[in-house]
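# Working through the structure, step by step
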Amino acid sequence: MATERLDRIRVARTALRLLNEVGLEGLTLRGIAKELDVKAPALYWHFKDKQALLDEMATEMLRRMTADLAEAPPPADWREAYAAAMRGLRSHLLRYRDGARVYSGTHFTDLSYAAPMEAQLRTLTRAGFTPGAAARAWQTGYSYTIGYVIEEQATGEGYDLGAREERLSEYPLAAQAGEELFGSRDEGFESGLAALVSGVGAVLGPG
């Protein structure tokens with residue numbers, strides 16, 4: 001079992017390295033097998049299909065994220081801890097080409113997610129959230145961050161705002177929204193995150 005476990009992780013790490021070169025659409029079991037200098041059928045001993053591989057890749061991403069974030073204890077204030085967790089998630093997803101698409105909708109292959117999730121929920125419940133409200137708050141922030149990065153990575157850099165404005169010349173408000181939607185990604189994320197934290201506090205928070 002230990003050997004199988006190590007092999008799965010080695011395949012996932014190789015796949016993550018290739019992901020940055022070829023993207024999710026170009027990532028194939030055949031290409032990964034070639035990189036590992038094995039025959040493609042050998043990978044099916046560990047992964048029944050590409051989705052199973054994506055599950056392991058997402059889990060490996062989470063392991064790395066958890067290890068990095070564990071170096072700094074979360075802030076005591078729930079707002080700061082919540083925002084820091086979402087910033088950390090976005091930062092790690094951006095390390096990989098199509099990272100958010102790989103991470104979204106996958107099933108983790110071990111309990112790597114449990115400790116960081118427990119810590120986040122504990123911070124919220126200690127601040128006065130009910131367990132149910134804490135879970136909903138966590139899911140809302142997670143969904144916002146994943147969705148934001150999917151769009152961020154899909155549109156890429158260098159979006160032509162001038163051309164967009166010309167196409168929307170008859171719709172001035174939609175045209176003007178381009179700078180806010182596709183300008184500074186960091187500022188856009190922070191603006192949305194601030195609104196999210198305020199909304200979570202108002203709707204789900206203590207009292």
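Residues numbered from 1 in each chain as written. Predicted model: local features only at pLDDT ≥ 70, side-chain atom pairs only at ≥ 80, totals over all residues. Heavy atoms only, no water.

## A word on the nonpolar core
Membership of the largest hydrophobic core comes to 32 residues, with the highest contact counts inside it found for Leu19, Ile32, Leu53, Met57, Leu93 and Tyr103. Listing elements by their share of this core, those giving two or more residues are α1 (2-26), α2 (29-36), α3 (40-43), α4 (50-69), α5 (78-93), α6 (99-103) and α8 (131-155). Residues in contact with Leu19, not counting those within four places in the same chain, are Leu24, Leu27, Met57, Tyr96, Arg97 and Val102. If you look at the next biggest cluster of nonpolar residues, it comprises 16 residues, including Ala83, Leu193, Leu196 and Val197. (Core = buried A, V, L, I, M, F, W, Y, C linked by side-chain atoms within 4.5 Å. Buried < 20%, exposed > 50% of the residue type's maximum accessible area, 1.4 Å probe, protein only. Helix = DSSP H or I, 4+ residues; strand = E, 2+ residues; numbered from the N terminus. Contact = heavy atoms within 4.5 Å.)

## Brief notes about the pattern of salt bridges
Within this structure, the stated rule accounts for 14 salt bridges. In this structure, the salt-bridge partner of Glu35 is Arg17, at a minimum N-O distance of 3.3 Å. Of this pair, Glu35 sits in helix α2 while Arg17 sits in helix α1; the two residues are 18 residues apart in sequence, bridging distant segments of the chain. Residue classification places Arg17 among the partly exposed positions, given a relative accessible area of 43%. As a salt-bridge pair, Arg101 and Glu25 come within 2.7 Å of each other at their nearest N and O atoms. Of this pair, Arg101 sits in helix α6 while Glu25 sits in helix α1, and the two are 76 residues apart along the sequence. Since its relative accessible area comes to 38%, Arg101 is described here as partly exposed. Within this structure, Arg8, Arg13, Glu56, Glu60, Arg63, Arg64 and Asp110 form a network of salt bridges that share partners. (Salt bridge = Lys/Arg side-chain N within 4 Å of Asp/Glu carboxyl O.)

## Notes on the packing of α5 against helix α11 (residues 185-203)
Taken N-terminus to C-terminus, the directions of α5 and α11 make an angle of 145°; their axes are 11 Å apart at the nearest point. Judged by the twist between their axes, the crossing of α5 over α11 is right-handed. Contact with α5, carried on its side by Trp78, Arg79, Tyr82, Ala83, Met86, Arg87 and Arg90, involves Arg185, Asp186, Phe189, Glu190, Leu193, Leu196, Val197, Val200 and Gly201 of α11 and no other residues of that element. (Axes fitted to C-alpha atoms, helices over the stretch in contact; angles between N-to-C directions. Left-handed = near helix turned anticlockwise from the far one by under 90°.)

## Re the packing of aromatic side chains
The full count for this structure, using the stated rule, is nine aromatic pairs. Measuring from centroid to centroid gives 6.3 Å for Tyr103 and Tyr142, while their planes differ by 45°, and the two rings are tilted. Of this pair, Tyr103 sits in helix α6 while Tyr142 sits in helix α8, placing them 39 residues apart in sequence. For the pair Tyr103 and Tyr142, a shared accessibility class is recorded, and that class is buried. Pairwise contacts between aromatic rings join Tyr103, Phe108, Tyr113, Trp138 and Tyr142 into one cluster. (Phe/Tyr/Trp six-rings, centres within 6.5 Å; stacked < 30°, edge-to-face > 60°.)

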